[in-house]
Amino acid sequence: MASMQVPTEPDWRTWVRMTRPAFLTLTACGVLLGLATAYACGCGFHPARAAATLVLAVAVHAAANAWNDYHDARSGADAANTSGLFPFTGGSRLIQRGEVTESQMRGLALALAALVVPAGIWLAAAAGGGLLVIGLAGLLLAWAYSAPPLALMRRGLGELTVALAWGLVVVGADYVQRSRFFAIPAVCAVSFALLVANILLINGVPDAEADARVGKRTLAVIAGPEGAAFAYLALTLLAHAWLLVAVLLLVPPQRALLGLLSLPLSLAAALLLWRRRREPSALRSAIGLTIAAAQVHALAMAVGVASIQWV
């Protein structure tokens, strides 16, 4: 590493790559779901607030990605991970390839957080004080996921942390439009959050050997290949059963059942994970299906819910 030539200042393309932009679409899907639940209730729609919500949510996610890369570099987890499935696992690899320094990655995370806080306060002034609670909780989860002393991702709590974080994305996007808390976005957020948790779970399987060597006790490390596969299937079934039961109980509207379009994708990924649980290098397609399932779930549910206002 010492012999690598690190640029004094990365160009703009490198700064973008440092945020792992391919994963930011997941947050955009969560925002769209929250906007859809507010729109469906006839609460009015504020385009400027919606745009600000999307930008701020994506910025927080980008900051969390950079913060995670920084702490995984500091702990040696990413350096030890030579069998990850890039770009899905093992971080951005920019520090390990000598394209950026740890301090540059840390600086990006802090700069994004510094921009998000005042912008979030401005948005809360327009939408309501409850948004401050949501925003602070989101920033806390983004920090606690990677940073010591909590470093929740190292304690088998990463999946729970990301589920809570992406649930807040949906609830927060709805709150910005509605200016109050409501049951429907919270209920819709649960199934989406569980499928996001599955992304982290399956991503941990190819990384498990390297993570174990540096003492990173992810759920995939703790449960082993079989346990991770069973946990994945359980989360898949729970997410879709939650949505079905919620609609039967008349919480979200019936058209939210469009979210079940993700079930075949999730089940296909679960089958691949079981079959290839001891061949982590063969899990690329299963990981892709898992990411697609979470996105399809949120977008299909958003379309179904929002369509109430289109007739």
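Residues numbered from 1 in each chain as written. Predicted model: local features only at pLDDT ≥ 70, side-chain atom pairs only at ≥ 80, totals over all residues. Heavy atoms only, no water.

Caption draft 1: Quick look at the overall build of the protein. Assigned secondary structure in the protein consists of eleven helices and zero strands. Going from N to C terminus, the protein has its helices and strands arranged as α-α-α-α-α-α-α-α-α-α-α. Taking 19 Å as the expected radius of gyration for a compact globule of 311 residues, we find that the protein reaches 19 Å, a close match to that expectation. Taking the principal axes of its C-alpha atoms as reference, the protein extends roughly 60 × 45 × 30 Å. Burial analysis of the protein (311 residues in total) assigns 52% to the buried set. Total accessible area on the protein is roughly 13600 Å²; 70% of this is exposed by carbon and sulfur atoms. Here the protein contributes 21 positively and 14 negatively charged side chains, and the mean placements of these two sets differ by 6 Å. (Helix = DSSP H or I, 4+ residues; strand = E, 2+ residues; numbered from the N terminus. Rg over C-alpha atoms; globule rule 2.2 N^0.38 Å. Buried < 20%, exposed > 50% of the residue type's maximum accessible area, 1.4 Å probe, protein only. Areas by Shrake-Rupley, 256 points an atom, 1.4 Å probe, with all protein chains shown as cover. Lys, Arg positive; Asp, Glu negative; His and termini not counted. Charge placed at Lys NZ, Arg CZ, Asp CG, Glu CD.)

Caption draft 2: Layout of the packing of helix 2 (residues 24–40) against helix 11 (residues 284–306). Packing of helix 2 against helix 11 leaves a shortest axis separation of 8 Å and a crossing angle of 20 degrees. The angle between the axes of helix 2 and helix 11 places the two elements in the roughly parallel class. Classified by chirality, the crossing of helix 11 by helix 2 is left-handed. Here T25, L26, C29, L32, L33, A36, T37, Y39 and A40 of helix 2 lie close against helix 11, whose contacting residues are A294, Q295, A298, L299, M301, A302, V305 and A306. Split into classes, the residues belonging to the contact of helix 2 with helix 11 amount to 14 nonpolar, three polar and no charged. (Axes fitted to C-alpha atoms, helices over the stretch in contact; angles between N-to-C directions. Parallel < 35°, antiparallel > 145°, perpendicular 65-115°, else oblique. Left-handed = near helix turned anticlockwise from the far one by under 90°. Contact = heavy atoms within 4.5 Å. Nonpolar A, V, L, I, M, F, W, Y, C, P; charged D, E, K, R; others polar.)

Caption draft 3: Region of interest: helix 3 (residues 47–75). Here helix 3 contains 29 residues, and its C-alpha end-to-end distance of 42 Å stays within 8% of the 42 Å for a straight helix at 1.5 Å per residue. Just downstream of helix 3, G76 is the residue with a positive phi angle, here 90 degrees. (Expected span 1.5 Å × (residues − 1).)

Caption draft 4: Spatial organisation of unusual backbone geometry. A cis amide bond, omega 10 degrees, links P148 with the succeeding residue P149. Relative to the elements of secondary structure, P149 occurs in the loop between helix 6 (130–146) and helix 7 (158–178). Of note in the backbone geometry, R20 takes a positive phi value of approximately 55 degrees without being a glycine. Structurally, R20 can be placed in the loop between helix 1 (12–18) and helix 2.

Caption draft 5: Spotlight on a nonpolar patch on the surface. Nonpolar side chains collect at one region of the surface, where Y39, F45, L258, L261, V303 and W310 lie side by side and expose about 580 Å² of accessible area between them. As for its placement among the helices and strands, V303 is situated in helix 11. By relative accessible area, V303 is classed as partly exposed at 43%. (Patch = residues over 30% accessible without salt bridge, like charges linked within 9 Å, V, L, I, M, F, W, Y side chains within 5 Å. Salt bridge = Lys/Arg side-chain N within 4 Å of Asp/Glu carboxyl O.)

Caption draft 6: Spotlight on the environment of P252. Within the secondary structure layout, P252 lies in the loop between helix 9 (219–248) and helix 10 (263–275). Taking the C-alpha atoms as reference points, P252 and I202, 50 residues apart in sequence, are found 29 Å from one another. Contacts of P252, omitting those with residues within four sequence positions, involve I184, V187, C188, A246 and V247.

Caption draft 7: Broad picture of the environment of A298. Assignment of secondary structure puts A298 in helix 11. Judged by relative accessible area, A298 falls into the buried class, the value being 0%. For the pair formed by A298 and I199, sequence separation is 99 residues and the distance between their alpha carbons is 14 Å. When neighbours within four sequence positions are excluded, A298 is seen to be in contact with C29, L33 and F192.

Caption draft 8: Looking closely at helix 6. For helix 6, which comprises 17 residues, the first-to-last C-alpha distance of 26 Å matches the rise-based estimate of 24 Å (1.5 Å per residue) to within 8%. Of the residues making up helix 6, those classed as buried are G130, L131, I134, G138, L141, A142, A144, Y145 and S146. Contacts made by the buried residues of helix 6 are with helix 3, helix 5 (102–127), helix 7 and helix 8 (183–213).

Caption draft 9: Structural view of the nonpolar core. By size, the foremost hydrophobic cluster in this structure holds 71 residues, and its most contacted members are W166 and F192. The element contributing the most residues to this core is helix 8, with 14 residues. Excluding its chain neighbours within four sequence positions, the residues that come into contact with F192 are L26, G30, L33, W166, V170, A294, H297 and A298. Membership of the second largest hydrophobic core comes to 16 residues, among which are A73, I95, L112 and A147. (Core = buried A, V, L, I, M, F, W, Y, C linked by side-chain atoms within 4.5 Å.)

Caption draft 10: Structural view of the pattern of salt bridges. Scanning all chains against the criterion turns up nine salt bridges. The salt bridge involving E102 is made with R74; its shortest N-O contact spans 3.9 Å. You can see E102 sitting in helix 5 and its partner R74 sitting in helix 3, a full 28 residues away along the chain. Judged by relative accessible area, R74 falls into the exposed class, the value being 58%. With a shortest N-O distance of 3.0 Å, R277 and E226 are connected by a salt bridge.

Caption draft 11: Structural context of the environment of L271. Tracing the backbone through its elements, the reader meets L271 in helix 10. Classification of L271 by relative accessible area gives partly exposed; the value is 42%. In this structure, the C-alpha to C-alpha distance between L271 and R97, residues 174 residues apart in sequence, is 34 Å.

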